[in-house]
Amino acid sequence: MKPDLERALGMAHGVQAEYLLMAASAEEKQVKQVFEAMAEDVDRHIKVLRSRQDYIQKWGDQLQQQQQAGGQNQQNQQNQQQNQQQNQQQNQQQNQQDQQQNQQDQQQNQQKAGDAQQSTGSQQSASGGNN
């Protein structure tokens, strides 16, 4: 649409220049007035075309910004999802490590408790034999 408007504006400027040349070269006052009036008509056409061009430019820029913002939002959402997935994976790994450590601690505590019982039992046997 924009190239069409630019082409139409260029053609309108060309037509307007031709009418003004004809008006300047006309010897009869009535002919001169007709070409000047036609040049004024084309000037109104040019103003309408420029207005349309400005409108398209304004809304085109806003649409482009919205599309860029939409693309940015989509990228942000994807990044957030990736971050959430990574956090979940890290949390799962940490939980597994914590569970393994807890199991190891429990085993060590059980072993210490068993060793303490054996030690207490040995001491009681030894002291029981001395009585």
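Here, every reference points to the structure presented above.
Residue indices begin from 1 for each chain and proceed along its sequence in written order. Residue-level local features of this predicted model are given only where pLDDT is at least 70; pairs of side-chain atoms are given and counted only at 80 or more, and the full residue set underlies all totals for whole chains, interfaces and linings. To get the side-chain values, all heavy atoms of the structure are used, and hydrogens and water are removed first.

Student: Sorry if this is basic, but what is going on with the overall build of the protein chain here?
Tutor: Of regular secondary structure, the protein chain possesses 2 helices and 0 strands. Out of the 131 residues in the protein chain, the part that is buried amounts to 8%. Long-range pairs, those at least 24 residues apart, make up 67% of the contacts in the protein chain with a sequence separation of at least 6. Surface accessibility follows the Shrake-Rupley procedure with a 1.4 Å probe radius. Residue values consider only the protein chains on display as shielding. Looking at the protein chain as shown, the accessible area adds up to about 11,100 Å², and 43% of this sits on carbon and sulfur atoms. Strands are runs of DSSP state E lasting at least two residues, helices are runs of H or I lasting at least four, and both sets are numbered from the N terminus onward. Whether a residue is buried, partly exposed or exposed follows from its accessible area with a 1.4 Å probe, protein chains only, as a fraction of its type maximum: under 20%, in between, or over 50%, in that order. Contact definition: two residues touch when any of their heavy atoms are within 4.5 Å.

Student: Would you mind showing me how to read the pattern of salt bridges here?
Tutor: Two side chains of opposite charge can pair, provided their charged atoms sit close to one another. The term salt bridge refers to a side-chain nitrogen of Lys or Arg lying within 4 Å of a carboxyl oxygen of Asp or Glu. Throughout the structure, instances matching the rule amount to 3 salt bridges. A salt bridge links R44 to D41; its shortest N-O distance comes to 1.9 Å. With R44 and D41 both in helix 2 (residues 29-130), this residue pair falls 3 residues apart, about one helical turn. A salt bridge links D43 to K47, with the nearest nitrogen and oxygen atoms 3.6 Å apart.

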